[in-house]
Structure formats: structure tokens, C-alpha cells
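Take a look at the letters that make up each chain.
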Amino acid sequence: MLSSLILFLTTPVFAADLTCQKGSFRMPYNAETKVVEAQTYCFNEDRTELYSKDCQNRKCTAFTVDIEVKTADILDQKSNPGFNLCRKLGGKPELLEFEASKEWFALDRCVFKDGSFVSTGELVRHYLRPRK
């Protein structure tokens, strides 16, 4: 697991074009799927990144928390490192599906008190990247 995380963090990240649209989310809730009202969100071409509209330029709460994070702080054999980081930043992790091109894609995200959100993979990439 650690080697996969290191590979993920050292893979070059290029600014990808994002598509923003109004769409719906589906979330598991007590063994049922709850559909959340439509809202605007942004995603990358392969649907592996998800942002609230205000996070698409990394100017939201998710990317502005002034905290130093070490791999050991979030890596744990029993839980998701992205969820651990989300909680450390004051967010709430969620599993969900989002609609894009009339298809549903599964992902997780971290939601902050101001309503902004970002996929947890992007949080990990942002906070564990080498700082200059």
C-alpha cells in the first residue's frame, strides 16, 4: 500500500481541463441510495477528480488549510488515507457517485463546512507533494 501511495504522489500532475456541469449525486444511506439535489461540480476527463465549482482553481478551503502533513500522519492499515487527511483538515469524507454524460461514476470526496468539496485523491496529492 505504501509503494502505491508513493507512486501516486510521484507521478507528474499536469493541469487537466475540467468539465463543469450541473448534475446529481447518489450516496449510500442505510442500505439505500439517496439522490441529492442537482448542483454544479467539475471533473476531469477520466472522472478520477471531482471538485466543487469554487475549488476548480484550488482557491477553496480544501487547498488553503495551512498544515504540514506527513505520510505517517495519514497512513494507517485500517482506514483510507484520503479519509484520514480529510478529517485532519476539518472536512467530512463521503462515498458517492456523480453523474457525467448520463453515466454514473463512483468516487469519494471531502466536504468542508463552507460547502466546498474535492476528491480525496486530490487532497492527498496536494498535501503530500514536495514543498518548495
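Residues numbered from 1 in each chain as written. Predicted model: local features only at pLDDT ≥ 70, side-chain atom pairs only at ≥ 80, totals over all residues. Heavy atoms only, no water.

**Remarks on the overall build of the protein chain**
In terms of regular secondary structure, the protein chain is built from five helices and six strands. Helices and strands appear in the protein chain in the N-to-C order α-β-β-β-α-α-α-β-β-β-α. Sorting the 132 residues of the protein chain into buried and exposed places 40% on the buried side. For the protein chain, restricting intrachain contacts to residue pairs at least 6 apart in sequence, the fraction spanning at least 24 positions comes to 55%. Total accessible area on the protein chain stands at roughly 8300 Å², and carbon and sulfur atoms take up 50% of it. (Helix = DSSP H or I, 4+ residues; strand = E, 2+ residues; numbered from the N terminus. Buried < 20%, exposed > 50% of the residue type's maximum accessible area, 1.4 Å probe, protein only. Contact = heavy atoms within 4.5 Å. Areas by Shrake-Rupley, 256 points an atom, 1.4 Å probe, with all protein chains shown as cover.)

**Details of the confidence of the model for the protein chain**
On average, residues of the protein chain carry a pLDDT of 83, and 85% of them reach 70 or more. Across the protein chain, the secondary-structure element scoring lowest on mean pLDDT is helix α1 (residues 2-10), at 43, and the one scoring highest is strand β6 (residues 117-119), at 96. (pLDDT = per-residue confidence, 0-100.)

**Comments concerning the packing of helix α4 (residues 81-88) against helix α5 (residues 120-128)**
The N-to-C vectors of α4 and α5 enclose an angle of 75°; their axes lie 9 Å apart at closest approach. Viewed along their axes, α4 and α5 adopt a mutual orientation that is roughly perpendicular. Along the contact surface, α4 presents Pro81, Gly82, Phe83, Leu85 and Cys86, while α5 presents Thr120, Leu123, Val124 and Tyr127. Residue classes in the contact of α4 with α5 are distributed as seven nonpolar, two polar and no charged. (Axes fitted to C-alpha atoms, helices over the stretch in contact; angles between N-to-C directions. Parallel < 35°, antiparallel > 145°, perpendicular 65-115°, else oblique. Nonpolar A, V, L, I, M, F, W, Y, C, P; charged D, E, K, R; others polar.)

**Overview of the pattern of salt bridges**
In this structure the tally under the stated criterion is five salt bridges. A salt bridge links Glu122 to Arg58; the nearest nitrogen and oxygen atoms lie 2.8 Å apart. Of the two residues, Glu122 is situated in helix α5 and Arg58 in the loop between β3 (50-52) and α2 (61-64); the sequence distance between them amounts to 64 residues. With a relative accessible area of 2%, Glu122 lands in the buried category. Residue Lys92 pairs with Glu94 through a salt bridge whose shortest N-O separation is 3.8 Å. (Salt bridge = Lys/Arg side-chain N within 4 Å of Asp/Glu carboxyl O.)

**So, α5**
Across the nine residues that make up α5, a large majority, eight, are buried. Along α5, the residues classified as buried are Thr120, Glu122, Leu123, Val124, Arg125, His126, Tyr127 and Leu128.

**Re α4**
The element α4 is extensively covered by neighbouring structure, given that six of its eight residues are classed as buried. Of all the positions in α4, only Pro81, Gly82, Phe83, Asn84, Leu85 and Cys86 are classed as buried. Positioned one or two residues after α4, Gly90 has a phi angle of 90°, which is positive.

**Let's talk about the side chain of Ser24**
You can see Ser24 is positioned in strand β1 (residues 19-29). Filtering out sequence-adjacent residues up to four positions away, Ser24 remains in contact with Val35, Val36, Ala38, Tyr41, Glu97, Phe98, Glu99 and Trp104.

**Things to note about the nonpolar core**
The biggest cluster of nonpolar side chains holds 18 residues, and the ones touching the most others in it are Ala62, Phe63, Leu85 and Leu123. Breaking this core down by element, the ones donating at least two residues are α2, α4 and α5. If one sorts the elements of this core by residue count, α5 sits on top with four residues. Membership of the second largest hydrophobic core comes to 12 residues, among which are Phe25, Met27, Leu50 and Phe117. (Core = buried A, V, L, I, M, F, W, Y, C linked by side-chain atoms within 4.5 Å.)

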